[in-house]
Amino acid sequence: MPRAIRGVLIECDPSIKSIIVKIDSDNHDYIIEDLDEERVVVKENMVAQLKKKLEDV
């Protein structure tokens, strides 16, 4: 049976996206799909936590 993961499309500058990819590279907890240099799909339940980490950076 296929499983689905709810995601949120994030559109941002390439510089912000590179920070998101760097944050995700530790545990792969955030990104579902890396679409192109300005778009990424992130797990819906992790958006608030990702925003907090971006603010910290």
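See the structure printed just above.
My aim in this report is to walk through the structure given alongside it, one point at a time. Bear in mind the structure is a predicted one, so any value in this text is a computation, not a measurement.

Notes on the sheet that holds strand β3 (residues 39-43)
Judged by pairing direction, the sheet is antiparallel, and its three strands sit side by side in the order β1-β3-β2 without closing on themselves. The open sheet has two edge strands, β1 (7-11) and β2 (31-34), and neither has a second partner. Adjacent strand axes in the sheet meet at a mean angle of 25°, parallel and antiparallel pairs treated alike. Taken together, the five bridges between β1 and β3 define a ladder with antiparallel strand orientation. Counted as the bridge partner of L9 is V41 from β3. In this fold helix α1 (residues 14-24) packs onto β1, β2 and β3, with an angle of close to 135° to the strand it touches most, β2.

A look at α1
Buried residues of α1: K17, I20, I23 and D24, and no others. Buried residues in α1, looked at end-on, bunch into an arc of 120°, giving them a common side. Buried residues along α1 sit against β1, β2, β3 and α2 (47-56).

A few points about the nonpolar core
Listed in full, the 11 residues of the largest apolar core are I10, C12, I20, I23, Y30, I31, V40, V42, M46, V47 and L50. Within the residue set of this core, elements represented by two or more residues are α1, β3 and α2. Residues contacting V42, with those up to four places away along its chain left out, are R6, G7, V8, I10, Y30, I31, I32, V47 and L50.

Quick word on the pairing of β2
In this sheet, β3 lies alongside β2 in antiparallel orientation, the contact comprising three bridges. Within the sheet, the bridge partner assigned to E33 lies in β3 and is V41. In this structure, the hairpin formed by β2 and β3 is closed by a connection of four residues.

Thresholds, definitions, all that
Residues numbered from 1 in each chain as written. Predicted model: local features only at pLDDT ≥ 70, side-chain atom pairs only at ≥ 80, totals over all residues. Heavy atoms only, no water. Pairing = 2+ DSSP bridges. Helix = DSSP H or I, 4+ residues; strand = E, 2+ residues; numbered from the N terminus. Axes fitted to C-alpha atoms, helices over the stretch in contact; angles between N-to-C directions. Contact = heavy atoms within 4.5 Å. Buried < 20%, exposed > 50% of the residue type's maximum accessible area, 1.4 Å probe, protein only. Arc of directions from axis to C-beta. Core = buried A, V, L, I, M, F, W, Y, C linked by side-chain atoms within 4.5 Å.

This is a description of form; function is not addressed.
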